[in-house]
Amino acid sequence: MALVSLCALSVLLLRECHLAQCSQQDPSPSVTAGKHPNLSFPWSHLRLPRYILPVHYHLLVDPDFSSLSFSGSVQIEIEVQNNTNWIVLHSKGLNISKASISGRNSTRFSDQPLPVLYNPPHEQLGVFSSRVLTTGQKYFLYLEFKAALSEGFYGFYKSTYKTSSGETRVLASTHFEPTSARMVFPCFDEPGFKANFTVRIRRSPEFISLSNMPLVSTREVSGGVFEDLFAPSVRMSTYLVAFVVCDFKYVTATTSSGIQVSIYAAPEKWHQTHFALEVAVKMLDFYEEYFNIRYPLPKQDLIAIPDFQSGAMENWGLTTYRETSLLFDPLTSSVSDKVWVAMVIGHELAHQWFGNLVTMEWWNDIWLNEGFARYMEFISVEATYPEFRVEEYLLHTCFAAVSHDSLNSSRPISSAAENPTQIKEMFDTVSYDKGACVLHMLRHFLTDEVFQSGIVRYLRKYSYTNAKNQDLWDSLSNTCSEEDFTSGKHCYSSEQAFKNAYLFAGEHIQLTAMMNTWILQKGIPLVTVSRNGPHLVLRQDRFLRTVLPSDPNWSSLQEGYLWHIPLTYKTDASSVIQKHMMTTKTDNVYIGEKVDWVKLNTDMTGYYVVHYEDGGWEKMTKLLSQNHTALSYKDRTHLIHNAFQLVTAGLLPLNAALDLITYLRSETHTVPLLEGLGYLGSFYRMMEKRDDLELTNKLGMYILQFFRGVIDRQTWSDSGPVSERRLRSEVLSLACHLKDPVCLQQAQKRFKDWLQSNGTLNPPTDVAETVYSVGAKGDGGWTSLFYTYTTSLSEAQKRQIMDALTSSGDTTKLQRLLELALEGKDIKAQDLSSVIYMVARNPLGHHLAWNFVKKHWSTLVQKFQLGSFCIRNILIGTTNQFTTKEELMDVQLFFESIKDEASQLRVTRLALDNLKKNVHWIQRNLGPLRKWLNEQIK
């Protein structure tokens, strides 16, 4: 970054300035501690200067639950890279009462408080020293501060839980990622400023405190106040620092390598911690073996926080979780809840290596953390719990990425992000899901062995430091400098390995060039296939669902897009999976005269959509109807997904996609069944909201007739393997929603049994949500469910009940739920975005939810912060229910009314793109859907 001379300072500072790295003043800084009228803030950039590096923080935090505030101090050992008079670091909302600087002999530079200047827009403070801090020397910056405990979900915030007797208890927990450590103590709050941390926490005797490292000692400091000292941490970024003060209980066990693993939860939820303990121990053992790197800390605590905005957070040695992501109640949690807990723990523990041990240089590459952790969820759970069949879930992860990435408002995986709002928005589908799917493609391209050895090399080489995209490609390509090689650590010589290249399908592949097409440009390729005798003729375009090829903007939106696509395909002539690297706009592949059908993107290991021209889709439909087992269940699911995506893009008639899934009468595998059922169910819910009673009824009748056999095979139990249980949940939920008499009768019977047992006889967990939803249709049932919601100690059950409560046909009840969630007492504020989304799914609630968002927009932003995933979910969850031009105009007008905030948010463009896509779908497909249904239902 550019560094220029500092203006408008005192004569003293002007004399010193040629020795310091300084910058232009900010327009409106403020001076608080140690006032000095002649000083102006010395730095104008969002990113901190690099002339001061933190080495070790000594942090003391003293929370006061009676005043809901905290005070503390931090002594930061710093290393000076260039002569300067200024230390610029981050602070947000902190009242700094004292600042001093001392040398290595602990002698303070001044007996007077040092001037401290604030630059609130950039969340920075500057400390001025009249003595020059000299290059190469180490100093100690000491600051005292105080602030209120945060009311939101960032920084050091208050959380509460209720006991079974109705008593409310308070605790305090931290959440710093991405830019909230600065809300708790002054720090160099960027991922590149790694340092060691020694933490001390004060507490009253009824509480315990936890932090990243093990407790070393406890001493009484005064009148029943205790101070816990924790061991110094390894080198890490500020966003990974964590501490909790609570009265929780825990279970503990030890991994095979001696790491102590503990699960903490509210005392009355202690019995729900045992599955998480089993998972965490298995996961740490697995990762140590897979990464071939010991977990570097002596312990790993996992704690369920009652108020938590995201799913979980990977703080090193103290991972924090939403209760639904960590606790499993055998009486009320479903098998899907169980899989979810395992996946989230797998994600957070993967971060202990990907993200914590090796951290991205800057937030533009957050995918290096999140994409890897999302992908490792599948690898780790598949290895430790093969019965969960999580490879079936990976398909849906990639489908979600395709859905997002085929809108023009998507972004490249690696994108510019500077301010906190932009940084928060990086935690999205692109970083997580697309990142995971691109890694999945890369793993299959390189082979498991090469991929694994490459990421081990990456983790070893960059341990305790920061990395960028290129470092990963170099590690996967065995590329290194001569210095790296002679050190004997992580590399092969250039004679032993291709430099940035692999031998693939007979071609030398430039790995960096290939991966840059996936990381540095947005969107997803569409590979169009046709036959020319013994050849496949291929063309790649950018796949867009919002713009048709006939649109005048089509050419400009396609310009410059080209991917290096590792194609795979299978034919009827051979069971061998064929490979071909496509690096040009058009290409052709010889397959032979005798080949009848070709299926591209085998098992969807590649991240691209396939379109079969010249009768190709008819061949696929015929193959599925005559011999669907000729293709794997993944290929069958992929065909269904691609067909309906192409319908939305205007490249395939709706009747062709609907004809394709008629084979599902013969399908026995859960995943393609759920994919086809999912599309039909989504069409039904879309029609419901349009008040087109005739079309809605016909579609519902068709679904019930078509899937009659599947519905009738379902049992109202928790028996069978995971896949069967997932299918049962989805099929019965839709059947009851479609008012299938048999389904309603079974659900009503079980709801009546539950009511009469006074809640002691729980419905089977896999169908509990359906049972509650049917029961909630009556006033008495709704009231009983709401009471159970407010008293239940199972978050899994509460989630099931809330889904039921929001399905009510009474708009007064729906409005009440929204208001209660906003209030945050009976329904916690952490669940507000989910309640809004659930109400919006209800045909009677979609406008209700949207009007609620418009009315309370300022409050929602205050609660969740602009750019957070909750704000994103609220805007997408409400607007994606709309299908008319009038609704589109209403959303546009609202975004215009909040344009100062909307202009900072990528999600507003995404929401409008999504809504336009819905409007176009209705315009093109409503008539064909009506016609097709009339042909099916005589």
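Described in the following lines is the structure provided in the data block.

Scoring rules and cut-offs
Residues numbered from 1 in each chain as written. Predicted model: local features only at pLDDT ≥ 70, side-chain atom pairs only at ≥ 80, totals over all residues. Heavy atoms only, no water. Core = buried A, V, L, I, M, F, W, Y, C linked by side-chain atoms within 4.5 Å. Buried < 20%, exposed > 50% of the residue type's maximum accessible area, 1.4 Å probe, protein only. Contact = heavy atoms within 4.5 Å. Helix = DSSP H or I, 4+ residues; strand = E, 2+ residues; numbered from the N terminus. Expected span 1.5 Å × (residues − 1). Arc of directions from axis to C-beta. Pairing = 2+ DSSP bridges. Axes fitted to C-alpha atoms, helices over the stretch in contact; angles between N-to-C directions. Disulfide = S-S within 2.5 Å.

1. Quick look at the nonpolar core
In step 1: The biggest cluster of nonpolar side chains holds 316 residues, and the ones touching the most others in it are Phe185, Ile345 and Leu600.
In step 2: Apart from residues no more than four positions distant in its own chain, phenylalanine 185 is found in contact with Tyr57, Leu59, Val74, His90, Leu94, Phe145, Phe176 and Phe197.

2. Comments concerning unusual backbone geometry
In step 1: Here the amide bond leading from glutamate 177 into proline 178 is cis, since omega sits at 0 degrees, within 30 degrees of zero.
In step 2: Here proline 178 is to be found in the loop between β10 (168–175) and β11 (196–203).
In step 3: With phi around 55 degrees, glutamate 123 is a residue other than glycine that occupies positive phi space.
In step 4: Here glutamate 123 lies in the loop between β6 (116–119) and β7 (124–133).
In step 5: Judged by its relative accessible area of 11%, glutamate 123 falls in the buried class.
In step 6: Positive phi is not limited to glycine here, since asparagine 292 has a value of about 55 degrees.
In step 7: Within the secondary structure, asparagine 292 is located in the loop between α2 (274–291) and β18 (299–305).

3. Notes on helix α21 (residues 741–756)
In step 1: An ideal rise of 1.5 Å per residue puts 22 Å on 16 residues; α21 measures up with 22 Å between its terminal C-alpha atoms.
In step 2: Taken residue by residue, α21 has Cys743, Ala747, Phe751 and Trp754 as its buried positions. In an axial view of α21, the angular spread of the buried residues amounts to 55 degrees, which keeps them on one side of the axis. Facing away from the buried side of α21 by over 90 degrees, the exposed positions are Pro741, Gln745, Lys752 and Gln756.
In step 3: Tucked into the core, α21 has its buried residues touching α20 (722–737), α22 (768–775), α23 (779–791) and α24 (795–805).
In step 4: Looking one or two places after α21, you find asparagine 758, whose phi comes out positive at around 60 degrees.

4. A word on the sheet that holds strand β9 (residues 155–162)
In step 1: Across the sheet, four strands lie side by side as β9-β10-β15-β12; this open sheet has antiparallel pairing. Each having just a single partner strand, β9 and β12 (208–211) make up the two edges of the open sheet. Here the average twist between neighbouring strands, direction ignored, is 15 degrees.
In step 2: Here four bridges tie β12 to strand β15 (residues 243–246), and the two strands are oriented antiparallel to one another. Each bridged residue has a counterpart across the sheet, and for isoleucine 208 the counterpart in β15 is cysteine 246.

5. Looking at the state of the cysteines
In step 1: Here the structure, examined in full by the defined rule, presents two disulfides.
In step 2: Across the disulfide, cysteine 398 is cross-linked to cysteine 437 (sulfur-sulfur distance 2.1 Å). One disulfide, between cysteine 398 and cysteine 437, carries an S-S torsion of -110 degrees and so falls in the left-handed class. In this pair, cysteine 398 is assigned in helix α6 (residues 391–405) and cysteine 437 in helix α8 (residues 429–446), connecting sequence segments 39 residues apart.
In step 3: The class for cysteine 398 is buried, based on a relative accessible area of 4%.
In step 4: Sulfur-sulfur distance for the disulfide between cysteine 736 and cysteine 743 comes to 2.1 Å. Linking cysteine 736 and cysteine 743, the disulfide has an S-S dihedral of approximately -100 degrees and is accordingly described as left-handed. The exposure classification of cysteine 736 matches that of cysteine 743, with both residues buried.

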